[in-house]
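# Geometric and topological summary
Single-letter residue listing:
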2 protein chains.
Amino acid sequence: MFRINKLTDYAVVLLVDMARSDKVRAAQQIALDTGVPLPTVAKVMKALLRSGLVVSHRGACGGYGLAHPPRSITVADMIQALEGPIALTACVDKAPHADGEEACGLGSLCPMNGQWDTVNRRVEAALRTVTLADMAAGPLPAFAPEFTRARAAVLAAEMGAERAGEMAS
Amino acid sequence: MFRINKLTDYAVVLLVDMARSDKVRAAQQIALDTGVPLPTVAKVMKALLRSGLVVSHRGACGGYGLAHPPRSITVADMIQALEGPIALTACVDKAPHADGEEACGLGSLCPMNGQWDTVNRRVEAALRTVTLADMAAGPLPAFAPEFTRARAAVLAAEMGAERAGEMAS
């Protein structure tokens, strides 16, 4: 099935947390509050800064904050910030492919030429109907405590199992 | 960017050709008419048969045909036939992952829980607004001749280059 990249998935998690907390926070604090590893937070913030979805504030109380109200940021904006234009097929995406994937070279003769454009435009329109405010208005009131504690428990259990394995060997 | 699989891309090309030709044809003939390799045609037809988008007719004049009128088959149907349910994130897809990808195990506590469902439903609805009839009603009147000739020319040029390389070495 076509999926968003893992990094985009993380970006949405981080943006939802930023929409809910509504405070300027350092990357370290965001990582701590969400359980997303700091290098991932840094990588995502770089892409979000570049696309203008977040702003960075310098200084002792500096950090990252949303550049726009959550109701003005759509799921399409978030996906495009990380992945570029919405294009379900490689041939419609005119951007050079990072993975070295090539166009077939027969675009002007292809019987599908232009047909996917309509599909992509409709998918993009659908992704514009859901905003960051919608994504943040979930059944849980806030992000962190339960999730972070549960995550910590999973990590502790894994570390415990490793330690037990070491002791047994 | 999230993309459909190459096999799904081929499936749409083959279904568009079937919608335009409106004849029962053997897999070999479909391969010949579209320039899609026979093993790929066979693989795609198997998936399309299973999901009920095409039917197979036995006998000397047998082959594959569309199971429904092109206006009743949507892009969502075609994608789902090859890729299963529309799910932009792995955690929303409840099906076991062929690639061994695992859910994070914190679904019930995840602050994003359920939010992606809305997005997936909207994307699926968008994909239901474009039909096979729309995809087949392209700027080019028919599939084969120009495309197949151009493809043959590309292949001949490649083979020529190989032969020239052999003669030079």
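Since the structure is predicted, the reported quantities are computational estimates derived from the model, not experimental observations.

Helix and strand counts for chain A come out as seven helices and two strands. Counting from the amino terminus, chain A carries its helices and strands in the arrangement α-α-α-β-β-α-α-α-α. Per-residue burial over chain A gives 43% buried out of 169 residues. Looking at chain A alone, contacts between residues at least 24 apart form 70% of all its contacts between residues at least 6 apart. With an accessible surface of roughly 8900 Å², chain A has 57% of that area assigned to carbon and sulfur atoms.

An α-helical turn contains 3.6 residues, so any two residues separated by three or four positions project in the same direction. The terminal C-alpha atoms of helix α5 (residues 115-127) of chain B, which comprises 13 residues, lie 19 Å apart, in line with the 18 Å expected from a rise of 1.5 Å per residue. Of all the positions in α5 of chain B, only Gln-115, Trp-116, Val-119, Asn-120, Val-123, Ala-126 and Leu-127 of chain B are classed as buried. An end-on view of α5 of chain B places all buried positions within 125° of arc, on one side of the element. Buried-residue contacts for α5 of chain B involve α1 (6-21), α4 (75-83), α5 (115-127) and α6 (132-136) of chain A together with α4 (75-83) of chain B.

Turning to the packing of α1 of chain A against α4 of chain A, a few remarks are in order. Residue and element names in this part refer to chain A. The geometry of α1 relative to α4 is characterised by a closest axis approach of 9 Å and an angle of 135° between their N-to-C directions. One element, α1, and the other, α4, form an angle in the oblique class. Of the two possible hands of crossing, α1 and α4 adopt the one that is right-handed. Residue-level inspection shows Leu-7, Thr-8, Ala-11, Val-12 and Leu-15 of α1 in contact with α4, the latter providing Met-78, Ile-79, Leu-82 and Glu-83.

Residue and element names in this part refer to chain B. Contact geometry for helix α1 (residues 6-21) and helix α3 (residues 38-50): axes closest at 10 Å, N-to-C directions at 85°. Judged by the angle between their axes, α1 and α3 are roughly perpendicular. The residues of α3 that touch α1, namely those facing Leu-7, Tyr-10, Ala-11, Leu-14, Leu-15 and Met-18, are Thr-40, Val-41, Lys-43, Val-44, Met-45 and Leu-48. Along the lines of polarity and charge, the residues of the contact of α1 with α3 split into 10 nonpolar, one polar and one charged.

Turning next to the environment of Ile-79 of chain B. Checked against the element boundaries, Ile-79 of chain B lands in helix α4. Along the primary structure Ile-79 of chain B and Thr-8 of chain B are separated by 71 residues, whereas in three dimensions their C-alpha atoms are 6.2 Å apart.

Attention now moves to the confidence of the model for chain A. Residues and elements named next belong to chain A. Here chain A shows a mean pLDDT of 79. Residues at 70 or above account for 67%. Taken as a whole, residues 95-102 scores under 50 in pLDDT and shows six contacts with residues more than four places along the chain or in a different chain. This stretch, residues 140-145, has a pLDDT under 50; its non-local contacts, to residues over four places away or in other chains, come to 12 contacts.

As a further point, take the pairing of strand β1 (residues 54-57) of chain B. All names here are of chain B. Strand direction decides the pairing type here: β1 and strand β2 (residues 63-66), joined by four bridges, are antiparallel. Residue pairing in the sheet places Val-54 in a bridge with Leu-66 of β2. Counting the residues in the hairpin turn of β1 and β2 gives five residues, including Gly-59, whose phi is positive at 105°.

The next subject is unusual backbone geometry. Residue and element names in this part refer to chain A. Here Asp-22, not a glycine, exhibits a phi torsion of approximately 55°, which is positive. Relative to the elements of secondary structure, Asp-22 occurs in the loop between α1 and α2 (27-34). Here Asp-22 falls in the exposed class, since its relative accessible area comes to 68%.

Within the largest apolar cluster, 78 residues are counted, with the highest numbers of intra-cluster contacts made by Phe-2, Leu-88 and Leu-127 of chain A together with Phe-2, Leu-88 and Leu-127 of chain B. Not counting residues within four places of it along the chain, the set of residues in contact with Leu-127 of chain B comprises Phe-2, Leu-88, Val-119 and Val-123 of chain A together with Thr-74, Val-75, Ala-76, Ile-79 and Ile-86 of chain B.

For the rest of this paragraph, the subject is the pattern of salt bridges. This structure, assessed with the given rule, holds eight salt bridges over all chains. One salt bridge connects Arg-25 of chain B with Asp-33 of chain B, and the closest N-O pair in it is separated by 2.7 Å. Take Arg-25 of chain B and Asp-33 of chain B: they sit in the same class, and that class is buried. The structure contains a network of salt bridges with shared partners spanning Asp-17, Arg-25 and Asp-33 of chain A.

All names here are of chain B. Positionally, Thr-40 belongs in helix α3. Taking C-alpha positions, Thr-40 is 9.7 Å from Ala-27, a pair spaced 13 residues apart along the chain. Those residues in contact with Thr-40 that sit more than four places away from it in its chain are Leu-7 and Tyr-10.

Residues and elements named next belong to chain A. If you check α1, its first and last C-alpha atoms are 23 Å apart, about what 16 residues at 1.5 Å a residue would give, namely 22 Å. Regarding α1, the residues found buried are Thr-8, Ala-11, Val-12, Val-13, Leu-14, Leu-15, Val-16, Asp-17, Met-18, Ala-19 and Arg-20. Just downstream of α1 lies Asp-22, where phi reads positive at about 55°.

Moving on, we come to the side chain of Thr-131 of chain A. Secondary-structure assignment places Thr-131 of chain A in the loop between α5 and α6. Residue contacts for Thr-131 of chain A: discarding those within four places in its chain leaves Pro-70, Arg-71, Ile-73, Thr-74 and Met-78 of chain A.

Conventions we followed
Residues numbered from 1 in each chain as written. Chains lettered and ligands numbered in written order. Predicted model: local features only at pLDDT ≥ 70, side-chain atom pairs only at ≥ 80, totals over all residues. Heavy atoms only, no water. Helix = DSSP H or I, 4+ residues; strand = E, 2+ residues; numbered from the N terminus. Buried < 20%, exposed > 50% of the residue type's maximum accessible area, 1.4 Å probe, protein only. Contact = heavy atoms within 4.5 Å. Areas by Shrake-Rupley, 256 points an atom, 1.4 Å probe, with all protein chains shown as cover. Expected span 1.5 Å × (residues − 1). Arc of directions from axis to C-beta. Axes fitted to C-alpha atoms, helices over the stretch in contact; angles between N-to-C directions. Parallel < 35°, antiparallel > 145°, perpendicular 65-115°, else oblique. Left-handed = near helix turned anticlockwise from the far one by under 90°. Nonpolar A, V, L, I, M, F, W, Y, C, P; charged D, E, K, R; others polar. pLDDT = per-residue confidence, 0-100. Pairing = 2+ DSSP bridges. Core = buried A, V, L, I, M, F, W, Y, C linked by side-chain atoms within 4.5 Å. Salt bridge = Lys/Arg side-chain N within 4 Å of Asp/Glu carboxyl O.

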